[in-house]
Amino acid sequence: MSTNTKAFGTTAPDASLEQMTIARRDVLAKDIEIEILYCGVCHSDLHTARNDWGGSQYPAVPGHEIVGRVTKVGSDVTKLKVGDLAGVGCMVDSCHTCESCKQDLEQYCLNGFTGTYNGKDKNLGGHTFGGYSEKVVVDEHFVLKIPANLNLAAVAPLLCAGITTWSPLRHWNVGKDSKVAVVGLGGLGHMAIKLAKGLGAHVTLFSRTPDKEKDALELGADAVIISTDDTQMKSVSGKFDLIIDTVPYVHDVNPYVATLNINGTLVLVGYLGGLEPILNTVPMIMGRKTVAGSVIGGIAETQEMLDFCGEHNIVSEIEIIKMQEINEAYERMLKSDVRYRFVIDMNSLKE
């Protein structure tokens, strides 16, 4: 059983996003229905809409940074009640039984997690639809509690950009004495700075040009290093315990590896694909340095991040747009013309 729901999506890789109607399942025993109030706009939304990665299914309704209010709960739900604030990130299901899921690492489900959009819909068949819509129905395990003291619109990007940077910070035990560097100042990079600083780390931004310095310092960075300046790069040789690389396109990571301390790690969170030029293993071997990758976080870890943000008043820097402005927002995103995340006021979908 399902109900028709107003949404915004696209029917082909080269088509604009426009209003459409999708089906949402009726609430099952363990389900929570959420009226979507705000939805963040992620680069993954654009890539899926335009089939940049291949495998997109149409009609495609993106959106996996969802914040709203609970409107219905199933008979067996204990996590939230009608009227509560709730969030949904990049996942709406997983197998629950593999070793990854048992360790609260649903993002690494060995049988593949179900994406909030473009995933396999186990209930209605076909594929899942994301948060560019009036409402969503999700198993309570994958619904998150939202701290009431935070700016609700600015919370939305925490559910992707926030957890994508929080997860490596926690995995590599960043704390008061840690020296952390961030490569790239965008949606992910600005959250990496805020969260690392919140954990007490000394935080440095790597930037190719000086024009990001003022913003980085205002966001909480302690220093900015111009990565195209050989003298500045040499001044931080062997310094960092962890580097979070948020750059979403192919680039040379070798200069950054040289700035890692012994046992240091550079973790890629923004780029999918092969490295060019080739990774030089000499400094890795001679310093027991690591180049690693990471993707979002499990549900428990995401809730931990939201609770931490509530305690430390950390949210994303956002620009609110109407749903009808999404095509223009995509073009601006491609030009990095946003500081630092678009968030859709979903009330505009009612217009």
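Quick caveat, the model's predicted, so the values are computed rather than measured.

**With respect to the packing of aromatic side chains**
1) Next: In the structure shown here, the tally under the stated rule is three aromatic pairs.
2) Next: Centroid distance Phe206 to Phe240: 5.6 Å. Interplanar angle 80 degrees. Geometry classified as edge-to-face. Highlighted residues: Phe206 in strand β11 (residues 202-207) and Phe240 in strand β13 (residues 240-245), separated in sequence by 34 residues.
3) Next: Judged by relative accessible area, Phe206 falls into the buried class, the value being 2%.
4) Next: Overall, Phe240 belongs to the buried group, its relative accessible area being 0%.
5) Next: Clustering of aromatic rings is evident, with ring pairs tying together Phe206, Phe240 and Tyr256.

**Topic: the environment of Ile244**
1) Next: Take Ile244: it is sitting in strand β13.
2) Next: When near neighbours in sequence (up to four residues on either side) are disregarded, Ile244 contacts Thr165, Pro168, Leu169, Ala181, Val182, Val183, Ala192, Val267 and Val269.

**Details of the sheet that holds strand β12 (residues 223-226)**
1) Next: In space, the six strands of this open sheet follow the order β12-β11-β10-β13-β14-β15, with parallel pairing throughout. Edge positions in the open sheet fall to β12 and β15 (290-293), since each of these has one partner strand only. The average angle at which neighbouring strand axes cross in this sheet is 25 degrees, direction not considered.
2) Next: In terms of strand pairing, strand β10 (residues 179-183) meets β13 through four bridges, oriented parallel. Bridge assignment links Val182 to a residue of β13, and that residue is Ile244.

**Focus: the pairing of strand β4 (residues 66-73)**
Across a regular strand the side chains alternate sides, sitting on one face of the sheet and then on the other.
1) Next: As paired strands, strand β3 (residues 31-40) and β4 are joined by seven bridges and run antiparallel to one another. The partner of Cys39 across the bridge, within β4, is Ile66.
2) Next: Examined bridge by bridge, β4 and strand β5 (residues 85-88) share four bridges and lie antiparallel to one another. For Gly68, the partnering residue across the bridge sits in β5 and is Ala86.

Criteria and cut-off values
- Residues numbered from 1 in each chain as written.
- Predicted model: local features only at pLDDT ≥ 70, side-chain atom pairs only at ≥ 80, totals over all residues.
- Heavy atoms only, no water.
- Phe/Tyr/Trp six-rings, centres within 6.5 Å; stacked < 30°, edge-to-face > 60°.
- Helix = DSSP H or I, 4+ residues; strand = E, 2+ residues; numbered from the N terminus.
- Buried < 20%, exposed > 50% of the residue type's maximum accessible area, 1.4 Å probe, protein only.
- Contact = heavy atoms within 4.5 Å.
- Pairing = 2+ DSSP bridges.
- Axes fitted to C-alpha atoms, helices over the stretch in contact; angles between N-to-C directions.

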